[in-house]
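Residues per chain, in single letters:
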Amino acid sequence: MRKSVKGGKVKRKAIKNSQTEYLKAGVWYNPNTYNTLDGALAYIIALVAFTLLPYILRPIVSAYVKAGGSLSAVLVFDVLASQGLILFIALAFSKIKKVSVLNGGGYTFKIEWVNILMATALILGVYFVFSSLHMEFVSNIGAAIQLFGGSATTGTVLPDEILKNIPILFLYIFVFTPLLPAICEEALFRGVIMRSLEGFGTFVAVIASGAMFSLMHGNYGQMILQFLGGVAMAWVVITTKNFLLGTVMHFVNNLFVSVIAVFYEIMASFFPKFQYIMNSVTIIVGIVLLITSIWYFGKIALKNYKAKLLNETQNEYQTVGKYCLATVSRCEYTSEAKPQYEIQPLAESKDDERLFFYRNRFVPFNKKSNKKLSVILYVIGVVFAVILIFADVFNG
């Protein structure tokens, strides 16, 4: 039997205890998402935080090292602090804006084995095909920077103490480098920034989030591959609506880069021309992987586009979670086995007057933001990131 509650506002106390307990006992999908301003603010906050973090940590680290502290412990502390900061920003926006971190808002986080396999093929294809171009770019930019008196350092060189510390080296290669960024950075860049940029359209969300992901690394030596990898991850996540695929791609890419660097160094010590042979082989393999994976995800993207043109409300890669909706004037509920809910594309649910059940209460959807202001802040963030990169090479 269906009942209703009328009034100026939907309040938890206006719902009878039995229905309140029924709602609280349910597992409800969170259909809320970010507006265009949220991603810009998150990006700028992350940039400012990472600019200030070294100044905060440097005195602590220096005092610890002078007291005889281990460089291995410093490495662990540095990685945990930086990745923890990224995750904290993502969680803070999730909490404030009432948006699920790596779920909800039209997305899910689930195992899809074929998609995982093809996503892995795509990210490895990007690395195999474009790594040579990336290295040439780094070499040319480094030479240009040196001509103007800058430093051509492009990455972190691990000290011998860490290289000889097998447990820490193992953690660095298999946990610190691949796993933590795959969780923390995905929560911010695909979970917040990319979703925010969707307000400008899918194409802008994919390209712009990839560019900001690349610049956030703060190193010109990571710009090309990080940009292409960021674009690939964003495209796959938006196409499949599955955040797990972006996380897997990020993990595979970082792990493979770490492992292949060690492998190349070992093999080059025995076979000096090994790298030249492998470069040719990997480019051919990479082209095959790229063609296969782009064709696969392209078909899914085309299917989604056709469904959108035909105004189909449900397909395999649209929202498939149940959520309880209400309006500010009327809340309907039922005590029957099947709750009243709606399953529909998120675009049809972004009404400021509609509420959804979230953490034991009804809350409104996030309101749309001023897109012009959002664009200005995004541009400021990107310019700031570029300045930080080149300020570092000329002041370092």
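Quick look at the structure, then. (Residues numbered from 1 in each chain as written. Predicted model: local features only at pLDDT ≥ 70, side-chain atom pairs only at ≥ 80, totals over all residues. Heavy atoms only, no water.)

## A few points about the overall build of the protein chain
To keep things clear, this is the line we draw: Under the DSSP-based scheme used, a helix requires at least four consecutive residues in state H or I and a strand at least two consecutive residues in state E, with every element numbered from the N terminus. Using a 1.4 Å probe on the protein chains alone, a residue whose accessible area is under 20% of its type maximum counts as buried, one over 50% counts as exposed, and one in between counts as partly exposed. Throughout, a contact is declared for two residues whenever any of their heavy atoms are within 4.5 Å. For the area figures, the Shrake-Rupley method with a 1.4 Å probe applies, and any residue is considered shielded solely by the protein chains shown.
Helix and strand counts for the protein chain come out as twelve helices and five strands. Residues counted as buried form 45% of the 396 residues belonging to the protein chain. Partitioning the contacts of the protein chain with sequence separation of at least 6, the portion at a separation of at least 24 is 81%. As displayed, the protein chain has an accessible area near 20900 Å², and 67% of this comes from carbon and sulfur atoms.

## Let's talk about helix 6 (residues 166-176)
To keep it simple, the criterion reads: Read the arc as the range of directions from the helix axis to the C-beta atoms.
Considered for burial, the residues of helix 6 that qualify are I168, L169, Y172, I173 and F176. Viewed along the axis of helix 6, the buried residues span an arc of 130°, placing them on a single side of the element. Away from the buried face of helix 6 by more than 90 degrees, exposed residues I166 and P167 are located.

## Structural notes on unusual backbone geometry
The phi dihedral of K98 falls on the positive side, at around 55°, and the residue is not glycine. Among the structural elements, K98 can be located in the loop between helix 3 (71-97) and helix 4 (113-147). In this structure K98 comes out as partly exposed when scored by relative accessible area, which is 21%. The residue K241 is not glycine, and still its phi comes out positive at about 60°.

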